[in-house]
Amino acid sequence: MTDTSHGAADGDGWLPERPLGDRIAEYWEWVAVALFLLTTVDTLTTAYAAAAVGVAYEGNPLVRHLLARSVFAVAAVNVAAAVVAAVGFRGVVATLRRTPPRVRPYYALVVEVWLGLLVAAGLLVFANNVAVIVLGESLL
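Residues numbered from 1 in each chain as written. Predicted model: local features only at pLDDT ≥ 70, side-chain atom pairs only at ≥ 80, totals over all residues. Heavy atoms only, no water.

Regarding helix α3 (residues 71-98)
Step number 1: Counted at 1.5 Å a residue, the expected span for α3 with its 28 residues is 40 Å, and the 41 Å between its end C-alpha atoms agrees.
Step number 2: Within α3, burial applies to A73, V74, N78, A82, F89, V93 and L96.
Step number 3: Where α3 is buried, its residues meet α1 (20-53), α2 (61-69) and α4 (104-135). (Helix = DSSP H or I, 4+ residues; strand = E, 2+ residues; numbered from the N terminus. Expected span 1.5 Å × (residues − 1). Buried < 20%, exposed > 50% of the residue type's maximum accessible area, 1.4 Å probe, protein only. Contact = heavy atoms within 4.5 Å.)

Listed below in structure tokens is the structure:
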């Protein structure tokens, strides 16, 4: 079956067969987790770290500049980044739907690896911010 509007089974033996719609819904859940880590959790822990040890410990020069202005500036940039990321991922989903069924499992695997790396990056940023708060120095 190659109907991509309602979710075609895409499997060639090495990826589990699941309707495309189910796969995409799960991808959006992972995007939400990644954005929560990379925006909300990062903003809160960055603000706390800046208050605990000072803005000078911030490794990102843009965030350091924004923190010097206000936490609201950091929050606004993070909200804008989340919107851009969501719109961009909507484009990724659109290309996944248009990908020929024989190639779709490979493209889906690339999307899954990319989402996994985003979540891992969010966890790393969180761990680094906690290290700055607790130890007074970055892990990086």
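That covers the picture; the talk isn't over yet.
What about the layout of surface pockets?
Step number 1: Reported here for the largest pocket is a volume of approximately 440 Å³.
Step number 2: Taken together, 28 residues form the lining of the largest pocket, with D42, T46, E58, N60 and V63 sitting closest to its centre.
Step number 3: Residue contributions to the lining of the largest pocket peak at seven residues, all from α1.
Step number 4: Here the lining of the largest pocket is composed, by residue class, of 17 nonpolar, nine polar and two charged. (1 Å grid on protein atoms, 1.4 Å probe; cavity = no way out; pocket = protein on both sides within 12 Å on 5 of 7 lines; lining within 4 Å. Points joined across faces, edges and corners; volume = space filled by probe spheres on them. Nonpolar A, V, L, I, M, F, W, Y, C, P; charged D, E, K, R; others polar.)

Observations concerning the nonpolar core
Step number 1: In this structure, L20, I24, Y27, V31, L35, A82, F89, V93, L96, A108, V111 and L115 together form the largest nonpolar core, which totals twelve residues.
Step number 2: Those elements that provide at least two residues to this core are α1, α3 and α4.
Step number 3: Examining the composition of this core, we find that five residues originate from one element, α1, more than from any other.
Step number 4: Setting aside chain neighbours within four positions, we find L115 in contact with Y27, W30, V31 and F89.
Step number 5: Counting residues in each nonpolar core, the second largest holds six residues, with A50, V63, L67 and A73 among its members. (Core = buried A, V, L, I, M, F, W, Y, C linked by side-chain atoms within 4.5 Å.)

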